[in-house]
Amino acid sequence: MKKIALIDTGAANIHSVHKALKYVGASVEITDNSDFIQKADLIVFPGVGAFSAVMESINSKNLKEVIKEIIESGKPFLGICVGLQVLFEESEEHGRTKGLGILKGKVIKFRKAKKIPHIGWNNVTWNVIARSHEVGTKQSQSQFDLDCHASLCSARNDTMCQYYFVHSYYVVPSDKSIIYGKTEYDDEQFVSVVKRDNLIAIQFHPEKSGEVGLDFLKQFVETKV
Amino acid sequence: MLSKRIIPCLDIKDSRVVKGTKFINLKDAGSPIELAKFYNQEGADELCFLDITASHEKRRTLIELVEKVAAEVFIPFTVGGGISEVSQMKDILYAGADKITINTSAVKNPNLIKEGAKRFGSQCIVLAIDAKKKARDKRQESWEVYVKGGRENTGLDAVEWAKKAVSLGAGEILLTSMDADGTKEGYDIELTKKVVDAVNVPVIASGGAGKPEHIVEIFKKSNCSAALLASILHYQNFSIKEIKSQMIKELVPVRK
């Protein structure tokens, strides 16, 4: 059975992510142990709350290098919320906070929104060409099958495929080719999904997005390794 | 587009749901987990559990309950009732809750908002305000904050308290109108508007919903982000589906 390492950065939502992954049938362990992370087949990197708190935790636990290595190794890697944001170079939070710099770009605060945080259920406009395969069929490829999840969503009614968001900042990638999904809030459009090879990172919380979120996590868990 | 949220609120006593369970056709309608699943299937966008257990010894069972809900229902949920320390917040959040709601304890010790927000992020801290309109002889309309389940008037102005709480780090305001609560005649639109316009965080309106039209009305007349529902779901014949179809009909953004 595939082993998933759920990286412990002290985020308050780690147990929710743990429970959701278990629910979709994964063998998953919460860990901050570099060896364990390196031996795992898939890696999930959750986060919620403050960018700086997650970075402090990564630094104090010496996890920076192992996260970089594991992403380079080609293993499926899923970043959630602040786990997406810290992959970038820096955040506007508290003036300026340095991130991991694995992806080029920065993290900025909502500019136009009247109510911050952006809390609740919102759509993702998927920037993938839905393939002709049947929705829900198993894919035989080594990457997370985003297309399959996206086409499942487009097969449903637009507003039936909403995800739960809770955040005040969003990512602005320099490399536009990694943008796989966008979301609109109060006339402000932001990047909610990025993907580069084995790395996928999302602003929404699949562990709290009901059926749709569980489907997303299931797709990730079933990634061939 | 961001949907307006519908949040059923369940009162919990000694790990059982009290109020309104006999109207729901479930094997064990007093089970918070059964009801959470039921409301999730019905289309609830979030859930709120209010623990009205008096004794501290029963706290452990609340944590166990939170763990069970989190293992089976994958939508956000808030837990409140008698939380007065950051360590209690931690236990509940780590058990799988997404947010903590505080009321009396925050009035007593506003620093609790700050400490909680610093530790877990503002998105975890929901400030609940029970507000009641001041006597009529005043020129301006204003509302006062009540605590201890509405029994004690603090003399605080509701709008000012909401602003202060947000400046301390509250990420959402759960606003209950004590005047409207239980009337089933609709929300207190004036109060809701005042608070919504005064703060830059989402406001959850509560108190007074008697029919789906009231929920549509509060979303249309104020810019509130969510509606908390109790008796309309527990005691009356309106389902979340009916409420949401009314919202769709009236073009209120909703998650289907």
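Residues numbered from 1 in each chain as written. Chains lettered and ligands numbered in written order. Predicted model: local features only at pLDDT ≥ 70, side-chain atom pairs only at ≥ 80, totals over all residues. Heavy atoms only, no water.

Colleague: Sorry if this is basic, but what is going on with the overall build of chain B here?
Modeller: Along chain B, the regular secondary structure elements total 10 helices and 11 strands. Overall, the C-alpha framework of chain B stretches about 55 × 45 × 35 Å when taken along its three principal axes. Each of the 256 residues in chain B was classed as buried or not, and the buried ones make up 57%. Here the analysis covers contacts within chain B between residues at least 6 apart in sequence; of these, 64% occur between residues at least 24 apart. For chain B, the exposed surface amounts to about 11,200 Å²; the carbon and sulfur share of it is 47%. Counting 39 positive and 34 negative side-chain charges, chain B places the averaged centre of each group 1 Å from the other. (Helix = DSSP H or I, 4+ residues; strand = E, 2+ residues; numbered from the N terminus. Buried < 20%, exposed > 50% of the residue type's maximum accessible area, 1.4 Å probe, protein only. Contact = heavy atoms within 4.5 Å. Areas by Shrake-Rupley, 256 points an atom, 1.4 Å probe, with all protein chains shown as cover. Lys, Arg positive; Asp, Glu negative; His and termini not counted. Charge placed at Lys NZ, Arg CZ, Asp CG, Glu CD.)

Colleague: Honestly, the packing of helix α5 (residues 111-120) of chain B against helix α6 (residues 158-168) of chain B in this entry has me stumped. Any pointers?
Modeller: For any two helices packed against each other, the geometry comes down to the angle between their axes and how far apart the axes lie. All names here are of chain B. Where α5 meets α6, the axes come as close as 8 Å, and the angle between the chain directions of the two elements is 35 degrees. Along this stretch, α5 crosses α6, giving a crossing that reads as right-handed. Residue-level contacts link Ile-113, Lys-114 and Ala-117 of α5 to Trp-161, Ala-165 and Leu-168 of α6. (Axes fitted to C-alpha atoms, helices over the stretch in contact; angles between N-to-C directions. Left-handed = near helix turned anticlockwise from the far one by under 90°.)

Colleague: So what exactly am I meant to see when it comes to the interface of chain A and chain B here?
Modeller: Interfaces are often described in size by the accessible area the parts lose on coming together. Taken together, the contact pairs 32 residues of chain A with 33 residues of chain B. Interface area lost by chain A to chain B is led by A:Lys115, A:Trp121 and A:Lys208, which between them contribute 26%. Linking chain A with chain B are 1 salt bridge. Where chain A meets chain B, there are 17 residue pairs in polar contact (both at pLDDT 80 or more). For the side of chain A that touches chain B, the secondary structure elements donating two or more residues are α1 (14-23), β8 (118-123), β10 (162-167), β12 (179-185) and α7 (210-221) of chain A. For the side of chain A that touches chain B, the element with the highest residue contribution is β8(A), accounting for 6 residues. Residue composition of the side of chain A that touches chain B, by class: 13 nonpolar, 13 polar and 6 charged. (Buried area = accessible area lost by both parts, 1.4 Å probe. Salt bridge = Lys/Arg side-chain N within 4 Å of Asp/Glu carboxyl O. Polar contact = N/O pair within 3.5 Å; in protein donor to acceptor, adjacent residues only side chain to side chain. Nonpolar A, V, L, I, M, F, W, Y, C, P; charged D, E, K, R; others polar.)

Colleague: I keep staring at the confidence of the model for chain B and nothing clicks. Help me out?
Modeller: Detailed reading of the predicted coordinates is not advisable wherever pLDDT is low. Of the residues in chain B, 95% reach a pLDDT of 70 or more, and the chain-wide mean stands at 91. Here the predicted complex carries an ipTM of 0.92, next to a pTM of 0.92. (pLDDT = per-residue confidence, 0-100.)

Colleague: Whenever I open this one, the pattern of salt bridges confuses me. Can you help?
Modeller: Where side chains of opposite charge bring their charged atoms close, a pairing between them can arise. Residue and element names in this part refer to chain B. Using the criterion set out here, one finds 19 salt bridges over all chains in the structure. For Lys-244, the salt bridge goes to Asp-45, with nearest N and O atoms at 2.9 Å. Within this pair, whereas Lys-244 is found in helix α10 (residues 240-249), its partner Asp-45 is found in the loop between α1 (32-42) and β3 (47-51), the two being separated by 199 residues in sequence. We note a salt bridge from Glu-250 to Lys-220, for which the minimum N-O separation is 3.8 Å.

Colleague: Would you mind going over the side chain of B:Thr78 with me for this structure?
Modeller: Inspection of the secondary structure assignment puts B:Thr78 in strand β4 (residues 77-80). Aside from chain neighbours lying at most four places away, what touches B:Thr78 is B:Glu46, B:Leu47, B:Cys48, B:Phe49, B:Lys99, B:Ile100, B:Thr101 and B:Val126.

Colleague: Would you take a moment to explain the pairing of β10(A) for this structure?
Modeller: On a regular strand, one side chain projects to one face of the sheet and the next to the other, so that they alternate. Residues and elements named next belong to chain A. Burial within β10 is extensive, with 6 of its 6 residues counted as buried. In terms of strand pairing, β8 meets β10 through 6 bridges, oriented antiparallel. Bridging from a neighbouring strand, Asn-123 pairs with Gln-162 of β10. (Pairing = 2+ DSSP bridges.)

Colleague: Help me out: how do you make sense of the pairing of strand β7 (residues 143-147) of chain B in this one?
Modeller: Residues and elements named next belong to chain B. In terms of burial, β7 is largely enclosed, as 5 of its 5 residues are buried. Of the two faces of β7, the one lined by Trp-143, Val-145 and Val-147 and the one lined by Glu-144 and Tyr-146 are each fully buried. Note that strand β6 (residues 125-133) and β7 share 4 bridges and pair antiparallel. Across the sheet, residue Ala-131 finds its bridge partner in β7, namely Val-145. Summarising the sheet, β7 and strand β8 (residues 152-157) pair through 3 bridges and their orientation is antiparallel. For Val-147, the partnering residue across the bridge sits in β8 and is Glu-152. Between the end of β7 and the start of β8, which pair antiparallel, lie 4 residues, with Lys-148 showing a positive phi angle near 55 degrees.

Colleague: Could you clarify how one ought to interpret α7(A) in this entry?
Modeller: All names here are of chain A. Taking 1.5 Å per residue as the helical rise, α7 with its 12 residues ought to reach 16 Å, and the 16 Å between its terminal C-alpha atoms agrees with that figure. Within α7, 10 of the 12 residues are buried, which leaves the element mostly enclosed by the surrounding structure. Within the span of α7, buried status applies to Gly-210, Val-212, Gly-213, Leu-214, Asp-215, Phe-216, Leu-217, Gln-219, Phe-220 and Val-221. (Expected span 1.5 Å × (residues − 1).)

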